[in-house]
Every structure is written in C-alpha cells, then in structure tokens.
Amino acid sequence: MSSVQPILLVHGGAGNVPDCNVQNKLDGVRQAAKEGYRILKETGSVLDSVVAAVKVMEDLEGFNAGRGSVLTIDGTIEMEAQIIEGKNMNAGCVTLLSHIQYPVELARLVMEKTPHTFLGGEAAEEFAKKMGVPFVTQDFLKTKAAEKALAEFKKKGALNPTLTEIGGVGTVGCVAIDSNGHTASATSTGGINGKYRGRIGDTPLLGCGGYADDTIGTVSTTGHGESIMRYNLAQRILNAMTHGKNPQEAVDQETAAMTARVGKDAGAIVLSNKGEVGVGFTSYRMSWAYQVGDELHYGIDKGQKLVDKIS
Ligand code: ASP
C-alpha cells in the first residue's frame, strides 16, 4: 500500500453549544488533536493516539465524557465508550460505568485482555479493578455544570431528553490513520442529560457510535443516540463511501438523511483510507480539530475552517 499522510481528527460533540462555551470547546479539541497527533508521530500506533486524544477530553470538564459527564434523571453518572481498529476490526466497548476515570482506556482493555467485545455495569468495573485502571468517585466526575443542566431539565418538566438539553458539553471522539493506511476510532460519552438509569446509547455500539475498516475508512459520531443507533449512522457513512462518495459527501449526505428519516441531530468525523477528511453535522454546532504535518485545522460553526501553523 502506498504511503498515506498520518492524520488525527477529533470532535467535541454535536449540540447547541452556547456562545460563551465556544472558545473553551475550541481550546479543548485543539489540545486533544495536538496531543493525539504527537503520540501518533512518536509511537506510530493509531490505537495509542486515539486513546491519548480521547483521554485529554475525558479529563476536561467542558466535555460530556469522563469528568464532566451529564447526569441521569436520578443525578448519577453512567458513562460509555468504544474503540475499534480497522485492520482486523478488533474492538472493545463498555457501558454503564460509574467510577472509571478514563472509559476509553477500559474499552481498549476489553478489546485486548478479554475474549469479549462488550462489557457493561458492575462486572465491567470489577474487570477494571483487576486491570488496575484509575477508579474515581461520582463526586469527582460530577461537575457544577452537569448538576445545573439536570436541574434545568427537571424544571422544564421535560420527559424526553434530547441533545439540545445537554447545555453545551458534548460527547468526544477521535479517528486516526497512520502512514500504512491503518485506521482506528474511539468515542466516549456520559450520554444524554436526564436519561433513565440503564439507558444505553449509540456511543458503545459498533457501526453506530463509530467504526473502522481499513478497506474503507473510519468514523466517530455524536448526536442524539436513539436516532443514531436506529439509523446505524457510522456504518451508513462508510457504506456511502464504498459507493463512491468522498468522506465529506458521505457525512453530509448521511447526517442529513438520518435527521430527515428518524429526526433529531447528529454529526460525525470521518477519514477515508487515503487520509481524506470529512466533518459534518446537522446540529447547530460541533467542535472539531485535526493536525496534519505542522497545520492545525479546526472549527465549530457550519462551514468554518480555521488553520493555525504549529511552530
Ligand atoms: N450520542 C450520545 C448519546 O446519545 C450523545 C452525544 O453525542 O452528545 O449518548
């Protein structure tokens, strides 16, 4: 296979990001893209790089993953994540986690250290304990912003949590490709604000929250999970690419088609196996950033494409 320019692309969630959170979001996705790209260049490992980028955002309070996750209707935290690599389509998925600092790291351990692909709940946390991953309290993971967003949701008497209630935080995801055309995807979330306890969304589901297949490319999605999983958004985007669409056309076509067909909003980041980039969303905003060579590309509004030179 001919050499591909390595790229690492992240998103910080689709949604109604208010103006006051825009700078914070852009700073966070740029930090994650740079760190992930640094690891990609240093180790040459797409898996190490997507985990590194997602962990940066799991740590930042302004994102709906790890610390800063949104709350269930009962005020608890239930996080989920997935990771997949595109060579052999090895994957790890986790759900209903309440005490794990870095859910993406646990997803990778499920992939590499168990005969399974998906673990959830208490048993997943028992496995995490055996693996020695960092455990934290719910108080550590809960932020004032998440508590305020839940209080507002309850005040409105809303019974149907949707993306617009998230209050400016967002699920996080990353896709990467190395110089051999090897791809990977990782996605991590706290879900949607005011969800039932036990609700599982699209994020840990392969073909919905993300996917990677070196014969086509790689995707990470964000948006209204119930809609994304019913539509199989990640898989549909890759399918459009197998039918001749480039990543940008595929993401624009399939996010719009999902919204038209089943309603609500979504966004996705995509890389083809040649390293072509696609970024699209039907939500009001979605923060994203990618590094290629010494350029950092990023944006949050529709059609926005900013570029910084990295010295
Ligand atoms: N897709 C996530 C979920 O529904 C939410 C998001 O992407 O912001 O759980």
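Residues numbered from 1 in each chain as written. Predicted model: local features only at pLDDT ≥ 70, side-chain atom pairs only at ≥ 80, totals over all residues. Heavy atoms only, no water.

Re the overall build of the protein
In step 1: Counting its secondary structure elements, the protein contains 9 helices and 13 strands.
In step 2: For 311 residues, the compact-globule estimate of 2.2 N^0.38 gives 19 Å, and the protein sits close to it at 17 Å.
In step 3: Seen through its principal axes, the protein has C-alpha atoms that stretch 55 × 45 × 40 Å.
In step 4: For the protein, buried positions account for 60% of its 311 residues.
In step 5: Taking all contacts inside the protein whose residues are at least 6 apart in sequence as the whole, residues at least 24 apart take part in 68%. (Helix = DSSP H or I, 4+ residues; strand = E, 2+ residues; numbered from the N terminus. Rg over C-alpha atoms; globule rule 2.2 N^0.38 Å. Buried < 20%, exposed > 50% of the residue type's maximum accessible area, 1.4 Å probe, protein only. Contact = heavy atoms within 4.5 Å.)

Observations regarding the environment of Lys144
In step 1: For Lys144, the location among the structural elements is in helix α6 (residues 144-155).
In step 2: Remark: the alpha-carbon pair of Lys144 and Lys129, spanning 15 residues in sequence, is separated by 28 Å.

Observations concerning the state of the cysteines
In step 1: Tallied over the full model, the rule gives 0 disulfides.
In step 2: Cys93 takes part in no disulfide bond, and the closest cysteine sulfur to it belongs to Cys208, at a distance of 10 Å.
In step 3: Taking relative accessible area as the criterion, Cys93 reaches 1% and is therefore assigned buried.
In step 4: No disulfide involves Cys174; its sulfur sits 16 Å from that of Cys93, the nearest cysteine. (Disulfide = S-S within 2.5 Å.)

What to know about the confidence of the model for the protein
In step 1: On average, residues of the protein carry a pLDDT of 94, and 95% of them reach 70 or more.
In step 2: Mean pLDDT across the elements of the protein ranges from a minimum in α6, with 91, to a maximum in strand β3 (residues 91-97), with 99. (pLDDT = per-residue confidence, 0-100.)

Considering the sheet that holds strand β10 (residues 277-281)
In step 1: Strand order in the open sheet formed by 4 strands is β7-β8-β9-β10, with antiparallel pairing between adjacent strands. Taken across any chain shown, the strands that pair with only one partner, and hence form the sheet edges, are β7 (210-213) and β10. Ignoring which end each strand starts from, the neighbouring axes of this sheet average 5° apart.
In step 2: By the bridge criterion, 7 bridges tie strand β8 (residues 217-223) to strand β9 (residues 266-272) in an arrangement that is antiparallel. Bridge pairing in β9 places Ser220 opposite Ile269. (Pairing = 2+ DSSP bridges. Axes fitted to C-alpha atoms, helices over the stretch in contact; angles between N-to-C directions.)

Some details on the sheet that holds strand β4 (residues 118-120)
In step 1: If you trace the 9 strands from one edge of the open sheet to the other, you get β4-β3-β2-β6-β5-β1-β11-β12-β13, paired in mixed fashion. Every interior strand has two partners, whereas the edge strands, β4 and β13 (306-309), have only one. Within the sheet, the average angular offset between the axes of one strand and its neighbour, ignoring direction, is 10°.

What about the site of the ligand?
In step 1: The full set close to the ligand counts 11 residues, and Thr171, Arg199, Asp202, Thr222 and Gly223 are the nearest of them.
In step 2: At 2.9 Å from an oxygen atom of the ligand is found a side-chain nitrogen or oxygen belonging to Thr171.
In step 3: One of the side-chain N or O atoms of Thr222 is found 2.7 Å from an oxygen atom in the ligand.
In step 4: Relative to its unbound accessible area of 270 Å², the ligand is 100% covered by the protein chains.
In step 5: Among the residues forming the shell around the ligand, the class breakdown is 3 nonpolar, 6 polar and 2 charged. (Near = heavy atom within 4 Å. Polar contact = N/O pair within 3.5 Å; in protein donor to acceptor, adjacent residues only side chain to side chain. Areas by Shrake-Rupley, 256 points an atom, 1.4 Å probe, with all protein chains shown as cover. Nonpolar A, V, L, I, M, F, W, Y, C, P; charged D, E, K, R; others polar.)

What to know about the pairing of β10
In step 1: Of all 5 residues in β10, 4 are buried; the element is thus mostly enclosed.
In step 2: Pairing analysis gives 5 bridges linking β9 to β10, with the strands arranged antiparallel. Looking across to β10, one finds that Val270 is bridged to Gly278.
In step 3: As consecutive antiparallel partners, β9 and β10 are separated by 4 residues, and within that stretch Gly275 has a phi angle of approximately 90°, a positive value.

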